[in-house]
Amino acid sequence: MSYEITDSVPGLTDTQVADLVQEAEAGHDLKTRPSEPNPHFHRFQLVPEDLLDAIDERAAKDGQSPDAVVREALSNYLDTA
């Protein structure tokens, strides 16, 4: 993969770019931002809530991640279906 270095940004003036650079370099206080849920975390949507504790217990017992437990259980089910 290669990258092209450019001196301009299409759609922005040099002044706008300089203002954005200055704002970025000043930093942002992330403590004032509202927290947002991770849009990529879908465990509660994919696994019925009544199974979460059992999955966590099995994962701890087997020394695996909860994902590995679900993957193995699903794989075993599909092998016998």
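Presented here is a report on the structure given in the accompanying data block. The residue numbering used here restarts from 1 in each chain and proceeds along that chain's sequence as written. Only residues with pLDDT of 70 or above have their local features reported here, since the model is predicted, and side-chain atom pairs are shown and tallied only from 80 upward, although totals for entire chains, interfaces and linings are computed over all residues. Side-chain metrics in this entry use all non-hydrogen atoms of the structure; hydrogen atoms and water are not considered.

Some thoughts on the overall build of the chain
Thought 1: If you tally the helices and strands in the chain, you get four helices and zero strands.
Thought 2: By definition, any uninterrupted DSSP run of H or I lasting at least four residues is a helix, any uninterrupted run of E lasting at least two residues is a strand, and each is numbered from the N terminus. Its helices and strands in sequence order give the chain the pattern α-α-α-α, from N to C terminus.
Thought 3: The size measure is the radius of gyration over C-alpha atoms, and the globule rule it meets is 2.2 Å times the number of residues to the 0.38 power. What you see for the chain is a C-alpha radius of gyration of 24 Å, clearly larger than the 12 Å of a compact globule of 81 residues, by over 25%.
Thought 4: Along the three orthogonal principal directions, the C-alpha set of the chain runs to about 65 × 35 × 20 Å.
Thought 5: Relative accessibility under 20% of the residue-type maximum defines a buried residue, over 50% an exposed one, and the middle range a partly exposed one, all with a 1.4 Å probe and only protein chains included. Looking at the 81 residues of the chain, the share that counts as buried comes to 6%.
Thought 6: Only carbon and sulfur atoms are counted for the fraction: they give 54% of the accessible area of the chain, which is about 7,800 Å².
Thought 7: Counting 6 positive and 17 negative side-chain charges, the chain places the averaged centre of each group 12 Å from the other. Under the convention used here, a 1.4 Å probe and the Shrake-Rupley method define accessible areas, while residue burial counts only the protein chains that appear. In this count, Lys and Arg are taken as positive residues and Asp and Glu as negative ones, while His and the chain termini are left out. A charge is said to be at NZ when it belongs to Lys, at CZ for Arg, at CG for Asp and at CD for Glu.

As for helix 3 (residues 49-62)
Thought 1: Under the convention used throughout, the expected extent of a helix is 1.5 Å for every residue step, that is, one less than its residue count. Here helix 3 contains 14 residues, and its C-alpha end-to-end distance of 21 Å stays within 8% of the 20 Å for a straight helix at 1.5 Å per residue.
Thought 2: Inspection of helix 3 places Leu52, Ile55 and Ala59 among the buried residues, and these make up the whole buried set. The buried side chains of helix 3 occupy one side of the element, clustering within an arc of 75 degrees when seen end-on. Of the exposed residues in helix 3, those oriented more than 90 degrees away from the buried face are Asp50, Asp53, Glu57, Ala60 and Lys61.
Thought 3: Residue Gly63 follows helix 3 closely and has a positive phi angle near 70 degrees. Relevant arc is that of directions from the helix axis to the C-beta atoms, nothing else.

Overview of the nonpolar core
In a soluble, globular protein the nonpolar side chains are often hidden away together inside.
Thought 1: Nine residue types can take part in a nonpolar core, namely buried Ala, Val, Leu, Ile, Met, Phe, Trp, Tyr and Cys, and a core is a set of them joined through side-chain atoms within 4.5 Å. Judged by nonpolar contacts, Val47, Leu52, Ile55, Ala59 and Val69 together constitute the single largest core of five residues.
Thought 2: Broken down by element, the residue count for this core peaks at three residues, all from helix 3.

Remarks on a negative patch on the surface
Thought 1: Patch construction takes residues with relative accessible area above 30% that form no salt bridge. Like charges are linked within 9 Å, and nonpolar side chains (Val, Leu, Ile, Met, Phe, Trp, Tyr) are linked within 5 Å. Counted as salt bridges are all cases of a side-chain nitrogen of Lys or Arg within 4 Å of a carboxyl oxygen of Asp or Glu. A contiguous patch of negative charge, built from Glu49, Asp50, Asp53 and Glu57, is present on the exposed surface.
Thought 2: Mapped onto the elements of the fold, Glu49 is located in helix 3.
Thought 3: Exposure remark for Glu49: the relative accessible area of 66% places this residue in the exposed category.

Details of the pattern of salt bridges
Thought 1: Under the defined criterion, the tally for this structure stands at two salt bridges.
Thought 2: Across the salt bridge formed by Asp62 and Arg58, the nearest N and O atoms sit 2.6 Å from each other. Of this pair, Asp62 and Arg58 both sit in helix 3, four residues apart, which is roughly one turn of the helix.
Thought 3: Accessibility expressed as a relative area gives 36% for Asp62, which makes it partly exposed.

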